[in-house]
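Take a look at the letters that make up each chain.
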Amino acid sequence: MPHSIANQANPARYLQDKLFTEDFQSSLKSKISQSKPYNYGVIDGLFKEDVLRQARDEIFENIQFTEKETDIYKLNQTGDLLNIDGLPEEEAKLLSTLHKVRDALYSKEMRDMISKVTGCGPLSASKTDLSLNNYDKGCHLLTHDDVIGDRVISFILYVLPPDYKWDPKWGGALRVYPTLREGVPDTDYCGAVPPQFNQLSFFKIVPGHSFHDVEEVYVDQPRLSIQGWYHLPQEGEEGYVETPRVDFHTEVSTMAQQSLAHYECDGYYPARDFVEASAGLSLDALKQFISSDILENVDDLRKQFTEEGILRLNDFLEPEFFAAVRSEIEELELQKCPIKKTDVPEEWGVAAPPHLRKYLYLRSNGQSTSLQMLKELFSSRAFIRLIERLTACLPEQQFVELRRFRPGIDYTLASVSGFKEDILEAVLSVTTAKFEDGVGGYDLVMGGGSDENDDPAVYRESKDEDGGVLLSALPKPNEFIIILRDPDLLRFIKYLSKNAPGSRWDVHGEYTVKPDSVNVEVDESTMRVD
């Protein structure tokens, strides 16, 4: 049965009386209408303070949180708060004030007030949709627009420590993003609302426009909130319409829908243009760049790849060349890290749009730096011939990027390859810092993605063959990984925490494979590197 507060004894009495005055609502409506980049509002002191203090105590004393981590978020969460209606009487008493808070949020008075100040129309009383989220150090939620089903209004009620103000330097702000055009958020946010105890932040959900994120929490402080949504009226409720609004999608999020056509998304750059291998390096020249241990054991490595479909090779680059690459990276790390796109030097670009990915990529500028040489190495005919020998596949075209993932900023979200056939995908980590678990930045490959209704935001941690994690690799200096990637595999680089020891640096190469060329017999006479 849908939850209904219709018969509850005035649950709105726990809210502050000011909310229902004409002056307050007129002032709030005016502020919302003038807010940019889209309409959002903030109410300080939503509940009578003693009520929310008591609810907070009940939460920490009686509720267990589950840690959840996907490509798009890391947080601690409970189930839907609707479930407290089904608790045994003794357990329900332990959460009696939280129950009052939930019912007050969906009371007629509250819904009418939200409807008036946002102009969103009537809201459902029967469809409640909210949970508790606790963001502790390292937790975050990346850019998205909240479009799922018949959601109308998104809200966050902060239940922070009540006896001191939250310092904006601690992170955890709700940040809003302008759009370059519908469905394409800008790289940089343009507004931020730091959380405070008993504060409600909310906005009308507008497909393709209401992009936002939750800034990483940088300190050991609990950013506890009640996160929820108001929905369109359901059948039998006032304001219900049989035909849903045309601007609302199915139960699959906008992010998931766009990931299904990930690389064709409007505003996706740099463009993923596959080209023929460049001329230049000879096979002999590879000895200047690739470790002799690799070049001298290609046959054994090929056997391993044909059996397993993956190679992980340590100390891939020749030591002297890797030292030059390391030196250049360490020099860049000592410089101030560019944060906004206007701070980024011209030799670098910013990958976009941010609801799919964000990182820096090295432009081809004709300079003879070690990083440019490394990028050109991955694009050379000689290197592709080496890949052919390592994998017994025949690469045809390639797309290569040299990437920098900045702490506290960068990531890619889960996506499929975008091809109908298998491709070869190689990543060489040239990160100089030592990474450990807990700071993100790892490269993850997992099964899934075959169902067009699958949401890539869902991290499947099951170990079965179809949905398990196939690769999870922290950045490691001079480690080369190459896989034969089938069309249904999902892959992402996890958001890199601000607490990471440095940037994640890598070269990422994708190589289309000639049809029916997997496990071909390699002509050793043309592949020899003496």
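Data block above holds the structure.
Throughout what follows, the structure given in this document is the object of discussion.

The rules behind each value
Residues numbered from 1 in each chain as written. Predicted model: local features only at pLDDT ≥ 70, side-chain atom pairs only at ≥ 80, totals over all residues. Heavy atoms only, no water. Buried < 20%, exposed > 50% of the residue type's maximum accessible area, 1.4 Å probe, protein only. Helix = DSSP H or I, 4+ residues; strand = E, 2+ residues; numbered from the N terminus. Pairing = 2+ DSSP bridges. Axes fitted to C-alpha atoms, helices over the stretch in contact; angles between N-to-C directions. Phe/Tyr/Trp six-rings, centres within 6.5 Å; stacked < 30°, edge-to-face > 60°. Polar contact = N/O pair within 3.5 Å; in protein donor to acceptor, adjacent residues only side chain to side chain. Arc of directions from axis to C-beta. 1 Å grid on protein atoms, 1.4 Å probe; cavity = no way out; pocket = protein on both sides within 12 Å on 5 of 7 lines; lining within 4 Å. Points joined across faces, edges and corners; volume = space filled by probe spheres on them. Nonpolar A, V, L, I, M, F, W, Y, C, P; charged D, E, K, R; others polar. Salt bridge = Lys/Arg side-chain N within 4 Å of Asp/Glu carboxyl O.

A separate point is the pairing of strand E22 (residues 443-446). Here E22 shows a buried face lined by Asp443 and Val445 and a second buried face lined by Leu444 and Met446. Here E22 runs beside strand E23 (residues 469-473); their pairing, made up of four bridges, is antiparallel. Residue valine 445 lies in a different strand from E23, and its bridge partner there is leucine 471. For E22 and strand E25 (residues 490-493), the ladder comprises four bridges, and the chain directions are antiparallel. Pairing of leucine 444 across the sheet is with phenylalanine 492, part of E25.

A few words on the sheet that holds E22. Pairing is antiparallel across the open sheet formed by three strands, whose spatial order is E23-E22-E25. Edge positions in the open sheet fall to E23 and E25, since each of these has one partner strand only. For this sheet the average axis-to-axis angle between neighbouring strands, irrespective of direction, equals 10 degrees.

What follows deals with unusual backbone geometry. Negative phi characterises most residues that are not glycine, and trans characterises most peptide bonds. Note that the residue after lysine 36, namely proline 37, is joined by a cis bond; omega there is 10 degrees. Mapping proline 37 onto the fold places it in the loop between helix H1 (22-34) and strand E1 (40-44). Of the consecutive residues alanine 352 and proline 353, the connecting peptide bond is found in the cis state with omega at 0 degrees. Looking at the secondary structure, you find proline 353 in the loop between strand E16 (348-350) and strand E17 (357-358). Although it is not a glycine, aspartate 146 sits at a positive phi angle of roughly 70 degrees. Following the sequence through the fold, aspartate 146 ends up in the loop between strand E5 (140-144) and strand E6 (151-158). Positive phi, close to 65 degrees, is recorded for asparagine 198, a residue that is not glycine. Turning to its location among the elements, asparagine 198 is positioned in the loop between strand E10 (191-193) and strand E11 (199-204).

Turning next to the packing of aromatic side chains. Applying the stated rule across the entire model yields 19 aromatic pairs. Ring centres of phenylalanine 383 and phenylalanine 480 lie 6.3 Å apart, and the angle between their planes is 85 degrees; on these two criteria the pair is classed as edge-to-face. Of this pair, phenylalanine 383 sits in helix H11 (residues 381-391) while phenylalanine 480 is found in strand E24 (residues 479-485), placing the two residues 97 residues apart along the sequence. You can call phenylalanine 383 buried: its relative accessible area is 0%.

Here we take up the side chain of glutamate 425. Take glutamate 425: it is sitting in strand E21 (residues 423-429). A relative accessible area of 3% places glutamate 425 in the buried class. For glutamate 425, the side chain forms a polar contact with the side chain of arginine 491, separated by 3.1 Å. A polar contact is formed between the side chain of glutamate 425 and the side chain of histidine 508, at a distance of 2.6 Å.

Residues of helix H8 (residues 298-308) that are buried include every one of Val298, Leu301, Arg302 and Phe305, and no others. Down the axis of H8, the smallest arc covering the buried residues is 105 degrees, so these residues share one side. Turned more than 90 degrees from where H8 packs its buried face, Lys303, Glu307 and Glu308 sit exposed. Positioned one or two residues after H8, glycine 309 has a phi angle of 75 degrees, which is positive.

Turning our attention to the layout of surface pockets. In this model, the second largest pocket occupies a volume close to 600 Å³. Counting residues per element, the ones that place at least two in the lining of the second largest pocket are E5 and strand E12 (212-214). With four residues, E5 is the largest single contributor of residues to the lining of the second largest pocket. In the lining of the second largest pocket, the residues fall into 15 nonpolar, six polar and 11 charged.

Enumeration over the complete set of coordinates arrives at 24 salt bridges. Across the salt bridge formed by arginine 102 and aspartate 103, the nearest N and O atoms sit 3.1 Å from each other. We note that arginine 102, like aspartate 103, is buried. Put simply, arginine 312 and glutamate 479 hold a salt bridge, and the shortest N to O gap is 3.3 Å. Residue arginine 312 is located in strand E15 (residues 310-313), and its partner glutamate 479 is located in strand E24; the two are separated by 167 residues in the primary sequence. Take arginine 312: its relative accessible area is 39%, and that puts it in the partly exposed class. Three or more residues are tied together by salt bridges with common partners; here these are Glu425, Asp443, Arg485 and Arg491.

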